[in-house]
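# Chain and residue survey
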Amino acid sequence: MAGIDIALQELSSLLWCERQVLDRLEFKLIAEQLVLRSGQVRWLSRASDEVAAVLDEIRSAELSRAVAFAALARELGVADLPPLRELIDRLNDPWPDIFRAHRRALAAQTAELGRLAEETRSLLALDSNLVAAALEDLDASMALDLDQQPAELALHLVAHQVATRGAMAVSVEVLQPSLAEFLA
């Protein structure tokens, strides 16, 4: 019984940590949206880098959770790794309530992150389309009169488009399928 309690405590601690990392991801996605909405595009790649860094933390947290969950399943004598919902039914008090609370919180965070990621993708797509149109206009006007539009503007627009594409690539990666499987 002591081995099971240790495994339960370990998994619960890791779930708390994962919840904190997901909370940090939510904050970073909101910050990225604020950068997009403010028009301060020079900060977009930095905001996207911060989102990517938190995604690396999430991958690490998921690996730790998977190892702890497998150890708990072994302690409970479960051959296949069931979703958390099924494992909760095998636990003694007070653990079912603790893990149900984790499951509810993680499900809510996952839903919110999905919403934020979709909103960010929409903002990035709109922004990318505006930059592409501006580049087309710039090409046309530069063909007519090279002095009319400075090369700095062209560089700024290209840099913005590159940052937008990088941010879009990061935002696609937000939701981790292993968490959804774990919570099923």
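Throughout what follows, the structure given in this document is the object of discussion.

What counts as what
Residues numbered from 1 in each chain as written. Predicted model: local features only at pLDDT ≥ 70, side-chain atom pairs only at ≥ 80, totals over all residues. Heavy atoms only, no water. Helix = DSSP H or I, 4+ residues; strand = E, 2+ residues; numbered from the N terminus. Phe/Tyr/Trp six-rings, centres within 6.5 Å; stacked < 30°, edge-to-face > 60°. Buried < 20%, exposed > 50% of the residue type's maximum accessible area, 1.4 Å probe, protein only. Lys NZ or Arg CZ within 6 Å of the ring centre and 35° of its normal. Salt bridge = Lys/Arg side-chain N within 4 Å of Asp/Glu carboxyl O. Polar contact = N/O pair within 3.5 Å; in protein donor to acceptor, adjacent residues only side chain to side chain. Contact = heavy atoms within 4.5 Å. Expected span 1.5 Å × (residues − 1). Axes fitted to C-alpha atoms, helices over the stretch in contact; angles between N-to-C directions. Parallel < 35°, antiparallel > 145°, perpendicular 65-115°, else oblique. Left-handed = near helix turned anticlockwise from the far one by under 90°. Nonpolar A, V, L, I, M, F, W, Y, C, P; charged D, E, K, R; others polar.

### Quick look at unusual backbone geometry
Of note, the amide linkage connecting D93 to P94 takes the cis form, showing an omega dihedral of 5°. Take P94: it is sitting in the loop between α3 (84-88) and α4 (95-144).

### Things to note about the packing of aromatic side chains
Applying the stated criterion across every chain, the model contains one aromatic pair. For the pair W95 and F99, a centre-to-centre distance of 5.8 Å together with 35° between the ring planes defines the contact as tilted. Linking W95 with F99, this pair stays in helix α4, spanning four residues, or about one helical turn. For F99, a relative accessible area of 0% translates into the label buried. A cation sits over an aromatic face here: R19 above W16, 4.1 Å from the ring centre.

### Thoughts on the pattern of salt bridges
Under the counting rule described, the total for this entry stands at nine salt bridges. Between D56 and R59 there is a salt bridge; the shortest N-O distance is 2.4 Å. With a gap of three residues between them, D56 and R59 both fall in helix α2 (residues 44-76), about one helical turn apart. Of the charged contacts in the structure, one is a salt bridge between E119 and R115, with a shortest N-O distance of 2.7 Å. On the criterion of helical spacing, the pair formed by E119 and R115 is a turn pair, its members being four residues apart in helix α4. E119 sits in the partly exposed class, given a relative accessible area of 25%. Judged by its relative accessible area of 42%, R115 is partly exposed. A single salt-bridge network, built from bridges that share partners, covers R37, E112, R115 and E119.

### Section: the side chain of Q109
Within the fold, Q109 resides in helix α4. Residue classification places Q109 among the buried positions, given a relative accessible area of 13%. Within polar-contact distance, the side chain of Q109 engages the backbone oxygen of R19 at 2.9 Å. Contacts of Q109, omitting those with residues within four sequence positions, involve R19, L22 and D23.

### Re the environment of A105
Within the fold, A105 resides in helix α4. In sequence terms A105 and R19 are 86 residues apart; their C-alpha atoms lie 7.7 Å from each other.

### Observations concerning α2
Across its 33 residues, α2 extends 47 Å between first and last C-alpha, which sits within 8% of the 48 Å expected from 1.5 Å per residue. Looking one or two residues beyond α2, the residue adopting positive phi is G77, at roughly 75°.

### Observations regarding the packing of helix α1 (residues 2-38) against α2
Running from N to C, α1 and α2 cross one another at 165°; their axes reach a closest spacing of 9 Å. Comparing the axis directions of α1 and α2 gives the class roughly antiparallel. Crossing hand, α1 versus α2: left-handed. Of the residues contributing to the contact of α1 with α2, the split by class is 23 nonpolar, three polar and 10 charged.

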